[in-house]
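# Observations on the model geometry
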Amino acid sequence: MKPRTRARAFALQVLYEVDMVAHLPGVVFQQRLEDARTEGQNPLDDELVEFARQIVAGVSVMTEKLDHAIERYAPEWPFDQIAAIDRNILRMAAWEFAASRQTPLKVAINEAVELAKEYGSDSAPRFINGVLGSLADHENEIRQALAIPAE
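In short, a report on the structure. None of the values given here were measured: they were computed from a predicted structure.

## Details of the packing of helix α1 (residues 3–21) against helix α5 (residues 105–119)
Where α1 meets α5, the closest approach of the two axes is 11 Å, and the angle between their N-to-C directions is 60 degrees. For the crossing formed where α1 meets α5, the hand is right-handed. Residue-level contacts link Thr-5, Arg-8, Ala-9, Leu-12 and Gln-13 of α1 to Glu-111, Leu-115 and Tyr-119 of α5. Partitioning the contact of α1 with α5 into residue classes produces four nonpolar, two polar and two charged.

In structure tokens, the structure reads:
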């Protein structure tokens, strides 16, 4: 797995736990990081830890807006029926290409499909690709909907 993909996988695991049991994102992030180091897993370097932290923080503060955008621009997939892992992959990809704008659309979609292959069901990659394809058709509208107002 490529380094940034590993960071995304780490962020996905954190977001999944937060989504399922409503733990605080920062606490879960830190605990998972400590667990990985304790278990001798290949930890993320500082740059990748920061990238994963940005994803978790960004998605966490915008979850409602992300969910609304996914529901609005991909209505053929009822949001409340989407598996939790798929829901979080969609949130991450939408945040990356529409809110963060640090990841090109095609890269965000490809990375989301890779995560779906690794963590989702057999049909998840095709599902994720389809939903993100629908969202991609409305990229500018989603960016506007997710825009953080100036203070």
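## Considerations on helix α3 (residues 46–73)
The terminal C-alpha atoms of α3, which comprises 28 residues, lie only 35 Å apart, well short of the 40 Å expected from a rise of 1.5 Å per residue. At Thr-63, α3 shows its maximal kink, close to 75 degrees. Between a side-chain oxygen at the N-terminus of α3 and the backbone nitrogen of Glu-47 the separation is 3.1 Å; the capping residue is Asp-45.

## Observations concerning a nonpolar patch on the surface
Side chains of Tyr-16, Met-20 and Val-21 sit close together on the surface and give an oily, nonpolar patch of about 270 Å² of accessible area. One can find Tyr-16 in helix α1.

## So, the environment of Phe-127
Residue placement: Phe-127 occurs in helix α6 (residues 124–136). According to the relative accessible area criterion, Phe-127 is buried, its value standing at 19%. Distance in space between the C-alpha atoms of Phe-127 and Ile-82 is 9.8 Å, their sequence separation being 45 residues. For Phe-127, the contacting residues outside a window of four places in its chain are Trp-77, Ile-82, Asp-86 and Leu-90.

## Observations regarding the nonpolar core
Soluble, globular proteins show a tendency: their nonpolar side chains are buried together. Grouped together as the largest cluster of nonpolar side chains are 52 residues, with contacts concentrated most on Ile-128, Leu-132 and Leu-135. Going through the elements one at a time, α1, α2 (25–38), α3, α4 (84–100), α5, α6 and α7 (139–146) are the ones with two or more residues in this core. Ranked by residue count, the leading element in this core is α3, at 12 residues. Among residues more than four places away in sequence, those in contact with Leu-132 are Leu-90, Ala-93, Phe-97, Ile-109 and Ala-112.

Definitions and limits used
- Residues numbered from 1 in each chain as written.
- Predicted model: local features only at pLDDT ≥ 70, side-chain atom pairs only at ≥ 80, totals over all residues.
- Heavy atoms only, no water.
- Axes fitted to C-alpha atoms, helices over the stretch in contact; angles between N-to-C directions.
- Helix = DSSP H or I, 4+ residues; strand = E, 2+ residues; numbered from the N terminus.
- Left-handed = near helix turned anticlockwise from the far one by under 90°.
- Contact = heavy atoms within 4.5 Å.
- Nonpolar A, V, L, I, M, F, W, Y, C, P; charged D, E, K, R; others polar.
- Expected span 1.5 Å × (residues − 1).
- Bend = angle between axes of the 7 residues up to and from the residue.
- Polar contact = N/O pair within 3.5 Å; in protein donor to acceptor, adjacent residues only side chain to side chain.
- Patch = residues over 30% accessible without salt bridge, like charges linked within 9 Å, V, L, I, M, F, W, Y side chains within 5 Å.
- Areas by Shrake-Rupley, 256 points an atom, 1.4 Å probe, with all protein chains shown as cover.
- Salt bridge = Lys/Arg side-chain N within 4 Å of Asp/Glu carboxyl O.
- Buried < 20%, exposed > 50% of the residue type's maximum accessible area, 1.4 Å probe, protein only.
- Core = buried A, V, L, I, M, F, W, Y, C linked by side-chain atoms within 4.5 Å.

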